[in-house]
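# Analysis of the macromolecular model
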Amino acid sequence: MSELVLLKHITHPDSTSIAFYEKTGGYQGLKKILTTYSPDKVIDTVKASNLRGRGGAGFPTGLKWSFVPKDDGKTHYLCCNADEGEPGTFKDRLLMERDPHRVIEGMIIAAYAIQAEVAYIYIRGEYGLSIAMITQALKAAYARGYLGQNIFNTDFSLNIYVHKGAGAYICGEETALLESIEGRRGQPKLKPPFPAVAGLYDCPTVINNVETFVCVTHIFARGVDWFTSIGPEDAPGPRLFGLSGQLQNRGIVELPMGLSLRELVYDYGGGPLTGQFKAVIPGGLSAPMIPLAGLDVKMNFADLAAADSMMGSAAVIALDETTSIPTVGRRIAEFFSHESCGKCAPCREGLPWASKILNRIESGHGRSGDIEQLQVICGGVFGNSFCALGVGAAWAIRATLKHFPHEYDALINQQTIPVDDRTNL
Amino acid sequence: MIIFKINGQEIEVEEGTTILNAARANAVEIPTFCYQDRLSTLASCRMCLIEVEGRPRLEPACATLAAEGMAVLTHSEKVISSREDMLEILLANHPLDCPVCDKSGECELQDTVFEYGKGDSRLVDPKRVFRIDDIQLNNVITFNANRCIQCQRCVRVCEEVVGDVALGTMERGLDSEITGVGNSLKDCSHCGNCIEVCPVGALMSTPYRYKARPWDLDKFETTCGMCGTGCSMTIEAREGKLARVKSQYETGINGELLCAKGRFGFDFIDGGQRITQPMLRKNDVLTPVTWSEALDFIIDKSLNILGKNGHIKGLVSPRQTNETAFIFQKLMREVFQSSDIHASCRFSGLNLQPETTDILKALLSQTYSRQPLGDILQSDCILLLGTNICDENPVSSYLIRQHKRDNHNHLLIASSRPCTLDDIATEKLRLLPGNEAAVLSALLSTQPDELAISEDQQLSDFVIAGKTILEQSASVSLLIGTEFMRGQQAKNCLIWITETVQHLQQQGKQVFMQFLFDRPNQLGQWHMGCLPDLQSYDQKSIPDMFYVVGADPIADCAAGDQLEQAALNSPCLIVQTAFMTASAQQAMVILPTPSYGEEDGTYTNNEARVQKVSAIRPLAANILPSTVIFTQLASALGLDIIPNTAAQILSQIKQEIDGYQTLKEDFIFGPKLNDYGLTTSPPAITEAEIKAPAVDYLALENYTLITGDSLFRSGKLTAQSKNLSGLGHDAYVEMNPGADYDEQQDYEVTITRGNATITAPLKINRAFPDKLLFIPEGQLSTPANKIITAAEYPCVVEVEIKVSSITIKSEQNAQS
Amino acid sequence: MTAAYSKQDIIAELTVPIAEIAKCYPTQRSVIMPALYLAQETYGFLDETAYRAISEILEVPEIWVFELASFYTLYKNKNIGKYNLQLCTNVPCMLRGAYDLFAHLQTRLGINKGETSKDGLFTLTAVECIGSCDVSPAMMVNDTYYTNLSKERVDKLLDQLSQADTDPLTGNEQ
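Residues numbered from 1 in each chain as written. Chains lettered and ligands numbered in written order. Predicted model: local features only at pLDDT ≥ 70, side-chain atom pairs only at ≥ 80, totals over all residues. Heavy atoms only, no water.

## Points about the sheet that holds strand β3 (residues 159-164) of chain A
Residue and element names in this part refer to chain A. Spatial strand order, β3-β2-β1-β4: four strands in an open sheet with parallel pairing. Each edge of the open sheet carries a strand with a single partner, namely β3 and β4 (205-209). This sheet shows a mean twist of 20° between the axes of neighbouring strands, independent of strand direction. Judged from the six bridges that link them, strand β2 (residues 118-123) and β3 form a sheet pairing that is parallel. Bridge assignment links Ala-119 to a residue of β3, and that residue is Ile-160. Strands in contact with helix α6 (residues 100-114) are β1 (77-82), β2, β3 and β4; relative to β1, the strand with the most contacts, it is inclined by about 150°. Across the face of the sheet, helix α7 (residues 128-143) comes into contact with β2 and β3 while running at roughly 165° to β3. (Pairing = 2+ DSSP bridges. Helix = DSSP H or I, 4+ residues; strand = E, 2+ residues; numbered from the N terminus. Axes fitted to C-alpha atoms, helices over the stretch in contact; angles between N-to-C directions. Contact = heavy atoms within 4.5 Å.)

Below, the structure is given as structure tokens:
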């Protein structure tokens, strides 16, 4: 890709100021939209761009917006999912800390499209700086008249509020996020009804990711044709990939989708820290790891799905040969156990059970039958859990069993304890 | 209608039916834990997952609607395997407590594992244990967190149906634990519905703990004897001793719901001082005598009085069965030649004017709706008038809450005391009893500010909003309490109730009206004919004989009430009772009778539905059924009353009492175990129209005392219940003393009226209107020291509040 | 909190600010989370007195407040040290040595996970991903991020914080 778009101004020292944002064209797109486009035209434009959500599920954004009923007399809500809890993911934090106005402008455009009069940005509580930057940016936007009553003297009014999360990964799931805003425990809700029909306070609601809103501004600033010219046809537009783990170069890189994972971790990631890569997780901790042999897989939705993994949040975590896979498997099980909301039996009871078994294996107390038991538990959780947390957990754990059974067997068959006992961590 | 397949068989159901309900209606079993028909759907336990052909993942049957052409498999390999896995996962942390767990034998987890489980568990790792000892959440609920499978039925029933929101879940994931605040339950009504819905042994009844195994228990289907809701319950006894009370989902208007009184209060039958043999006053001392001596005395006295054309008065308690009341009024009318028959001690207002009985009779036969409560609650507008429903008819209030959630209708509440339904009311008003007529008059009037009510903002707001809602409603249900019957306005209120129903009907609306009685068989007694002929009998004159059945006029009547005076001054007071009472202590003759649960009979509830009351144990040796006493007296006095058994008497009732003709022959084993059906409205009689009079509105200006039932007290009987006595204060005065008084300090209140005075601990309720005081009826003072008078209800009193010198040991104080 | 602040004190102090927050939401229940944060910032941590006060101010059942305070991990239900050291041990950080760092902290402070040092200065917890995976190992000290950590940098940081007259946390030096 020739020029950075999503990250264009990120490193500029004034990137968070509204004056700088306006000087570089900010809020111009919004003015044009509010004064000359109909909400339906906005939706159609985003549909035509084939923008896919940048949160993790990759649902077509324009299509999601089109599900909101029109002229139903109810209040419509827009939510920005800035809960960013998927391990390996940190792109939204970057966008909020360094380009908050772009997030806001994207939200106002989206709110106009679905005729929402209230929007909430759900920012995870740990992201203190993001919250400060967004809050400051909102204040500036209100002062300039980009928010509040009758924006640009049109009939459209919008209020945006920040709702601070308080440490629950599950609130990144859209219906759990809505529950959290309503003041309940963050547990996912039954679908149907879908949020677009009955979401926040039982009203039509759209929830989108931070990066998705940023893409929206660029679609209108540079055009649908520009957007669709980047990357594969079914997943166009620039994307922010996160690189972390045992790589030389860690950070965020802006690229079109479609490149291979190998290219990503070698050309951009600088290759492994020590020796060879052992496996690479392509899309956040819920995405099954790809072993070294599979690194040629292309980083787009379809190819990763075919490889029994997923695009997720495009958070690439690389493991090199110094890492023991059972340790990673155990840590995955522990993470999801900690974050399980407790609603459904398979996730609530099954993941801690898997965690206990994996702990035992890691500390040298594994038994024959443990792997089979893990397979059964993962199967039960994968097929039967209420929401994607259980599915992701089981899938990721099963991948470690599938690709590295020898490492598990070695630990189980050994009588001595080969690694430090980490069980109290 | 939709046609789809379950296991290859075609089934037709209404659109909007879930696969689960469709399956159950067609005898296809699908196991569930978190699903409960009355509650919101969670689909969290994942036990009901079934296979829908063409879909990759299993779907929850409880949350998936049946669709045209769908093919559902409930016992495919995938489904069976999924159930096995889910159960194994649930058993991973569920303790193997069956040998010591109360629920064993009736445990849904046990039953489901037996049916669908693998038969072994491969968990070798330590289970998650919260703690070793169970927690006493309060005096009646014990909680074992280790056994909980997080189905959330308890939390949902408490929030969605009962409305207390006392239970919640703390932490998350495997650490999730059901809790109250600080492990005790604030605002809990102690109804025990959470225990009833818990599928495992996590929530347990403390009084029942370790007492029995379900298979040891004899089960008796019966009807509750606390209030007029008429809940169906199963009293379970072990070797004749009351073990516990349960309620089944399939039976009654209440299903699995009961209130604290119903669920825990029936140990009253083993409390108090039981009368074991007849007694006769000799030389001013009550002396045990034989039945023949006692009855002979009565017969002689009666002959004497009848010979002189004297006056015999009768009073039967609204807790007595229809059969007892029916034969009693036969005895009174046909033997004692008297129709001065009463069926309540507390409704002083009904006896003040001669026309009142006729007005009441007309209302009961012409205006009263004999319909299922569930149907009535579907109306566009429900008006709760003059009823403290959450204390007096708790289960009715649960049903209202549930129906409002499902139907989104308007709920208008005008009552003397605040209640938990206030939260979901469209409009609410605090109303002194007696003002019901004024409010109805205001709601119906076409003039905007008739009655100088505009000074009272709350009242104006309510009337204005209420009028609009009534106008917009195509159907209206009036559910009316009986507090107004205690006071001077009783007759006017009855007139205005009739007027309101007719007025709204003339506007083309569908109108329903029922009373919410706080006694189980008030309506039944009145149907049986136990209403006094006030035109013929001067209520002030002292009767030559006063025959009291089951009631306690000396204690329960307001000071100066005519029935109280009759009991105190009649030369011959006969008291037929199971327990020693104040009236019995003054009686000339005491005749022992069965208590609740010792004889078969029927009650007629608020819906005018006749339901069976069952004996759970045989009578003690020297006790005769009330009806037998009456027939023996009648026989000795020259009249043979043939029907003797409860069944025979019911047959006679069916013949003779208007509206009882269509009752079923006998109860039917099955879902409606003790339901004889609704009575029907008697044919219309044209009566003289009574013009609804203009009425004044009585404002609350001075300290005013009201009384009635509380959450744990139904009259005096419940004071005999050990379980209920352990809940709440023994006596208290509930009021809002103002911001100067705070919950950290203990205060006591002294109430005085004339020479009567009572001092009791203060219970602060900030939702009470200023200057209103409440003492539960059963805890008002002794007969000699009555604050409440018949001449004035509600009563204006003098009040003094000071810091308490007594330390109060009670659950409620400890929590605040 | 506890003895120092009564329920009435909390109600007196927080009613007005909570009412401000309530303007952002159509229901009182939605205000519980921000109200808990406000109480925590004002009084240091949360306890039953705070739950009761919030329940009264918002007129919601106490149990709803209690549920949220225990479900969400950022609400502190007990008194902790002056500096809450929250070290991420999730996979991206673990792959860059977070466990070793944690062990080092345990040794240096003489406490285990979840405990507070005897001088009341430091509480040590292991947390899940805080979104600093490219600059791991990373740690939050109260609300401030410290990244690219090593044993040396962590020692230097703790030395600084241990000094009695240290300024409030200023943030990370790269």
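## Describing the confidence of the model for chain A
For chain A, mean pLDDT is 94; residues scoring 70 or higher make up 97% of the total. Taken together, the stretch residues 416-425 of chain A has pLDDT below 50 and engages in 16 contacts with residues farther than four places along the chain or on a different chain. (pLDDT = per-residue confidence, 0-100.)

## Some details on empty space enclosed by the protein
Residue and element names in this part refer to chain B. Counted according to the given criterion, the structure contains 13 cavities of 30 Å³ or more. In this structure, the largest cavity is lined by 19 residues; those nearest its centre are Asp-556, Cys-557, Ala-558, Leu-780 and Ile-788. In the lining of the largest cavity, the residues fall into nine nonpolar, four polar and six charged. (1 Å grid on protein atoms, 1.4 Å probe; cavity = no way out; pocket = protein on both sides within 12 Å on 5 of 7 lines; lining within 4 Å. Points joined across faces, edges and corners; volume = space filled by probe spheres on them. Nonpolar A, V, L, I, M, F, W, Y, C, P; charged D, E, K, R; others polar.)

## Notes on helix α18 (residues 562-569) of chain B
Along α18 of chain B, the positions that sit buried rather than exposed are Gln-562, Leu-563, Glu-564, Ala-566 and Ala-567 of chain B. The opening residue of α18 of chain B is Asp-561 of chain B, an N-cap whose side-chain oxygen sits 2.8 Å from the backbone nitrogen of Leu-563 of chain B. (Buried < 20%, exposed > 50% of the residue type's maximum accessible area, 1.4 Å probe, protein only. Polar contact = N/O pair within 3.5 Å; in protein donor to acceptor, adjacent residues only side chain to side chain.)

## Some thoughts on the pattern of salt bridges
Counted according to the given criterion, the structure contains 71 salt bridges over all chains. With a shortest N-O distance of 2.9 Å, Lys-91 of chain A and Glu-211 of chain A are connected by a salt bridge. Pair noted here: Lys-91 of chain A is in helix α5 (residues 91-98) and Glu-211 of chain A is in helix α9 (residues 210-222), with a separation of 120 residues, a long-range link. Judged by relative accessible area, Glu-211 of chain A falls into the buried class, the value being 0%. With a closest N to O distance of 3.8 Å, Asp-406 of chain B and Arg-405 of chain B form a salt bridge. For Asp-406 of chain B, a relative accessible area of 42% corresponds to the partly exposed category. The exposure class of Arg-405 of chain B is partly exposed, given its relative accessible area of 30%. Ionic contacts of the salt-bridge type, sharing partners, join the residues Arg-346, Arg-486, Asp-518, Arg-519, Asp-709 and Glu-777 of chain B into one network. (Salt bridge = Lys/Arg side-chain N within 4 Å of Asp/Glu carboxyl O.)

## Details of the layout of surface pockets
Gaps left between atoms show up when a probe the size of a water molecule is rolled over them. Estimates place the volume of the second largest pocket at around 1500 Å³. Along the wall of the second largest pocket there are 49 residues; nearest its centre are His-338 of chain A, Arg-172 and Asp-175 of chain B together with Thr-73 and Ala-126 of chain C. Mapped by element, the contributors of at least two residues to the lining of the second largest pocket are α13 (325-339) and α14 (345-362) of chain A together with α4 (62-71), β1 (83-88) and β2 (122-127) of chain C. A per-element tally of the lining of the second largest pocket places α13 of chain A first, with six residues. Taken together, the residues of the lining of the second largest pocket sort by class into 17 nonpolar, 17 polar and 15 charged.

## Topic: the packing of helix α4 (residues 153-162) of chain B against helix α12 (residues 394-407) of chain B
Angle between the axes and distance between the axes are the two parameters that describe a pair of packed helices. Residues and elements named next belong to chain B. Contact pair α4 / α12: the axes reach a minimum separation of 8 Å and the direction vectors enclose 85°. When the axis of α4 is compared with that of α12, the two are roughly perpendicular. Here Glu-159, Glu-160, Val-161 and Val-162 of α4 lie close against α12, whose contacting residues are Tyr-398, Arg-401, Gln-402 and Arg-405. Looking at the contact of α4 with α12 residue by residue, the classes come out as three nonpolar, one polar and four charged. (Parallel < 35°, antiparallel > 145°, perpendicular 65-115°, else oblique.)

## Some thoughts on the interface of chain A and chain B
A common way to report how large an interface is uses the accessible area buried once the components associate. Listed as interface residues are 32 residues of chain A and, on the opposing side, 34 residues of chain B. Around 2600 Å² of area is buried between chain A and chain B when both sides are counted, 52% of it from carbon and sulfur atoms. Counting every contact that joins chain A to chain B gives two salt bridges. Between Asp-125 of chain B and Arg-360 of chain A there is a salt bridge, with its nearest N and O atoms 2.6 Å apart. Our count for the contact surface shared by chain A and chain B stands at 17 residue pairs in polar contact (both at pLDDT 80 or more). (Buried area = accessible area lost by both parts, 1.4 Å probe.)

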